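Working through the structure, step by step
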Amino acid sequence: MKLISSLFLLLLLLSTVPTYAMEQPAPKNIILLIGDGMGIAQITAGKIVNKHLNLEEFKHLGLLMTHSGNALVTDSAASGTAMATGYKTDNKMIAVSHEGTPLKSIVEYAQEANKAIGLVVTSSITHATPAVFAAHVDNRKSQTLIAEQLSKSGIDVLLGGGWGYFVPNTVKGSFRNDHKNLLDKLAEQTTVIQTEKEFNELDDVDSVVGLFARKALPKADKRKPGLPELTSKAIQILSKNQKGFFLMVEGSQIDWAGHDNNSNDIIKEVIDFDNAIGVALAFAKNNIETLVLVTADHETGGYAIHDGSIIKQQVTDGQFTHSHHTAEMVPVFAYGPGSSDFTGIGDNTKIGKILIAYLKK
Ligand code: MG
Ligand code: ZN
């Protein structure tokens, strides 16, 4: 009788042991969407105006601390590095340690696992957030150097702005001070496009570099192609790889609207970013080995909603405490295999650490 009851107790204990997703098969595809500067208030404003957000489909939510190695308030380089590599570094540093040593990124692990890689942004592709996934430099301002590393990275899909960093100084609009033509170099290995027309007419390619502006892409309501279309195209191309893919999509300009203390622009950029999230979710629903993560690198502006209307779907009084970033925790939303690994309160390095653990499997 004693044996039976202790067996029963053991069974009861075993049945309550949580099944951590780390013990489950790793996701085949990973889509990481980063809303630069997107805190809780930014998301709330987007929901008030749009009524519903695709973000509401996510059932696993967490919060992340974002401080960098040398400051309570991070920049996008340090927080991006934390997410891309799993390690804290100092502000301005792109996937290198505080001493300047390169830190291996998710992209490099994913390439070793023969996965296809894509980076899709609305800033220049050489900007801090995409750069942490493809370059190792000690200063985010070295965008011409980042462009060189990007062109040698072997990344399959690069979509965004910033052709000015890739063309020689003999070309009008170049940001380079040398004669290197990185677009010509890239064109030897992949399809290089620069216009909306070329994007719409893109054949059945396995890789593409699309840089549609000299620097950043236009604001959300002027962007063509828009972030949802770019995301859709990237997924279409990357998902051809039998081994799966890693895709990073950045809503780059939510941050800039925060720096500008422009509530209306924040809302437009958040809704646009949410539409890109919708594209990723639709793919994940049909391809269940796909993990979709949505997070932010930090909050920008100390944004708060002081007045508006649910009925009229408007924010009439958005206030700001700052024109720079803040140290507030940011949310992380997870959907698909492994999503329960991202719940609770954690640190932004958790993103890199967990994703790299999946890729090492
Ligand atoms: Mg950014
Ligand atoms: Zn910023």
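A few points on the structure. (Residues numbered from 1 in each chain as written. Chains lettered and ligands numbered in written order. Predicted model: local features only at pLDDT ≥ 70, side-chain atom pairs only at ≥ 80, totals over all residues. Heavy atoms only, no water.)

1. Some remarks on the sheet that holds strand 5 (residues 191-193)
Note the following rule: At least two DSSP bridges between two strands are required for those strands to pair. Each helix corresponds to a stretch of at least 4 residues labelled H or I by DSSP, and each strand to a stretch of at least 2 residues labelled E; elements are numbered beginning at the N terminus. Fitted lines through C-alpha atoms give the axes, limited to the stretch in contact for helices. The angle between two N-to-C directions lies from 0 to 180 degrees.
Pairing in this open sheet of 10 strands is mixed, and the strands run 5-6-4-3-7-1-8-13-2-14 from one edge to the other. Only two strands of the sheet have a single partner each, and these edge strands are strand 5 and strand 14 (344-347). Each neighbouring strand pair of the sheet contributes to a mean axis angle of 15°, computed without reference to strand direction. Here six bridges tie strand 3 (residues 116-124) to strand 7 (residues 245-251), and the two strands are oriented parallel to one another. Note on strand 7: the bridge partner recorded for G118 is L247.

2. Observations concerning the pairing of strand 13 (residues 330-335)
Definition in use: Each residue's exposure class comes from its accessible area (1.4 Å probe, protein chains only) as a fraction of the maximum for that residue type: buried when under 20%, exposed when over 50%, partly exposed otherwise.
Summarising burial for strand 13: five of the six residues are buried, a large majority. Pairing between strand 2 (residues 60-65) and strand 13: five bridges, direction antiparallel. Note on strand 13: the bridge partner recorded for L61 is F333. Both strand 8 (residues 290-295) and strand 13 contribute to a ladder of four bridges, which runs antiparallel. Bridged to L293 within strand 13 is A334.

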